[in-house]
Amino acid sequence: MLILLVEDDPSQLEPLRAALLKVGHTVDAIADGETAQWYAFRKDYDLLILDWMLPKVSGVELCQVYRRAGKLAPVLMLTAKDTILDKVMGLDAGADDYLVKPVDVLELLARVRALGRRSPMWQGDILSLGDLELHLSTLTLELGSLTTQLSSREFQLMEYLMRHPRQVLSHNQIEQALWSCGEEPESNAVTTLVRRLRQRLQTIGVKDWIETVHRMGYRINPPNL
């Protein structure tokens, strides 16, 4: 998933970012609420992880503004506040879940998986499109009895395409979804990645699903669906 992680404590921010990257997510890691708000309205995030107490704009304020704008991505709130009233305030602001600091990384990853599965396309840890299955836990694609192993970046692209079936996705949209802020992919990175993913799909008998739309981008266009 494309995740916006907002935490002003560097000793917390970097370990959480590293843990999320390790399991295949793309993470924009931001240290203040004002900058995070700018990012939140310029990218289509799959999940926001917000620290409650942030410089300039608090996590609660950011969540409220985000919800008022009609944004629907799940929000996981991180905070040292653990009273019932604090939890109610966070949930009323539009948060979907609440994790009390100090954050246990394994619990955080479990909460992230649970929130990511709220899409109706997910069944357990499997994202399905027709008979094609993408497995979150193993980074594999399956069609019937055939399986192919994906790299982390290939998995990210496949998930992004499967979450947007038949939608044309531009090079810029794909770069924003797969590369974190501050990363600069090479000019041909998306083209190369699409070619590699097509090769992976062909090994399990999936041909011509990823369509190149001239001067616009790519879309996954499964037949008979």
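Since the structure is predicted, the reported quantities are computational estimates derived from the model, not experimental observations.

Before going further, it helps to examine the overall build of the protein chain. Secondary structure assignment for the protein chain yields eight helices and twelve strands. For 225 residues, the compact-globule formula gives about 17 Å, and the C-alpha radius of gyration of the protein chain, at 18 Å, lands near that figure. Oriented by its inertia axes, the alpha-carbon framework of the protein chain measures out at about 55 × 35 × 30 Å. For the protein chain, the residues scored as buried account for 46% of the 225 residues in total. Long-range contacts, defined here as pairs at least 24 residues apart, represent 56% of the contacts in the protein chain between residues at least 6 apart. Roughly 11100 Å² of accessible area belongs to the protein chain as shown, and the carbon and sulfur atoms make up 50% of that amount. Across the protein chain, the centroid of the 25 positively charged side chains sits 5 Å from that of the 30 negatively charged ones.

How two helices pack is summed up by the angle between their axes together with the distance between the axes. Where helix α6 (residues 152-163) meets helix α8 (residues 189-203), the closest approach of the two axes is 10 Å, and the angle between their N-to-C directions is 85 degrees. The orientation of α6 with respect to α8, classified from their angle, is roughly perpendicular. Residues Arg 153, Glu 154, Leu 157, Met 158 and Leu 161 of α6 pack against Leu 193, Val 194, Arg 196, Leu 197, Arg 200 and Leu 201 of α8. Grouping the amino acids of the contact of α6 with α8 by side-chain chemistry returns seven nonpolar, no polar and four charged.

We now examine the pairing of strand β1 (residues 2-6). The buried fraction of β1 amounts to five of the five residues, a majority that puts the element mostly inside the structure. Viewed along the sheet, the connection from β1 through helix α1 (residues 10-22) into strand β2 (residues 26-30) turns out right-handed. Of the pairings in the sheet, the one linking β1 to strand β3 (residues 47-51) comprises four bridges and is parallel in character. Each bridged residue has a counterpart across the sheet, and for Leu 5 the counterpart in β3 is Ile 49.

Moving on: unusual backbone geometry. A cis amide bond links Lys 101 with the next residue in sequence, Pro 102, at an omega value of 0 degrees. On the secondary structure map, Pro 102 appears in the loop between β5 (97-100) and α5 (105-116). Even without a glycine there, the phi angle at Lys 56 is positive, about 75 degrees. Along the polypeptide, Lys 56 turns up in the loop between β3 and α3 (59-68). Owing to a relative accessible area of 62%, Lys 56 belongs among the exposed residues under this scheme. Even without a glycine there, the phi angle at Asp 208 is positive, about 65 degrees. Within the secondary structure, Asp 208 sits in the loop between α8 and β11 (210-213).

Enumeration according to the criterion identifies twelve salt bridges in this entry. For Lys 101, the salt bridge goes to Glu 7, with nearest N and O atoms at 2.8 Å. With Lys 101 in the loop between β5 and α5 and Glu 7 in the loop between β1 and α1, this residue pair connects regions lying 94 residues apart in the sequence. Using a relative accessible area of 1% as the deciding quantity, one classes Glu 7 as buried. A salt bridge links Arg 67 to Asp 96; the nearest nitrogen and oxygen atoms lie 2.7 Å apart.

Turning to the confidence of the model for the protein chain, a few remarks are in order. On average, residues of the protein chain carry a pLDDT of 87, and 95% of them reach 70 or more. Mean pLDDT across the elements of the protein chain ranges from a minimum in strand β6 (residues 122-123), with 53, to a maximum in strand β10 (residues 146-149), with 95.

Analysis parameters
- Each residue is numbered by its place in its chain's sequence as written, counting from 1.
- Confidence filtering applies because this is a predicted model: local features only for residues at pLDDT of at least 70, side-chain atom pairs given and counted only at 80 or more, and all residues used for totals across whole chains, interfaces and linings.
- Heavy atoms throughout the structure, all of them, feed into the side-chain values; hydrogens and water do not.
- The way it works is that DSSP assigns letters per residue, a run of H or I at least four long becomes a helix, a run of E at least two long becomes a strand, and they are numbered from the N terminus.
- A radius of gyration in this sense is built from C-alpha atoms; the matching globule rule multiplies 2.2 Å by the number of residues raised to 0.38.
- Throughout this description, buried means an accessible area under 20% of the type-specific maximum (1.4 Å probe, protein chains only), exposed means over 50%, and partly exposed covers the range between.
- We call two residues contacting when some pair of their heavy atoms lies within 4.5 Å.
- Reported accessibility uses the Shrake-Rupley method at a 1.4 Å probe radius. Residues are deemed covered only where the shown protein chains occlude them.
- The convention is simple: Lys and Arg are positive, Asp and Glu are negative, and His and the chain ends are not counted.
- Taken as the charge centre is NZ of Lys, CZ of Arg, CG of Asp or CD of Glu, depending on the residue.
- Orientation is described by axes fitted as lines to C-alpha atoms, over the contacting stretch for helices, and by angles from 0 to 180 degrees between their N-to-C directions.
- To sort the angles, those under 35 degrees are grouped as roughly parallel, those over 145 as roughly antiparallel, those from 65 to 115 as roughly perpendicular, and the leftovers as oblique.
- Gly is put with the polar residues, along with every residue not named as nonpolar or charged; the nonpolar set is Ala, Val, Leu, Ile, Met, Phe, Trp, Tyr, Cys and Pro, and the charged set is Asp, Glu, Lys and Arg.
- Looking down the strands as they point away from you, a crossover is right-handed if its path from the first strand over the helix to the second goes clockwise.
- Paired strands, as defined in this entry, are two strands with at least two bridges between them according to DSSP.
- Only one rule defines a salt bridge in this text: a Lys or Arg side-chain nitrogen within 4 Å of an Asp or Glu carboxyl oxygen.
- A residue's pLDDT is simply how confident the predictor is in it, with values from 0 to 100.

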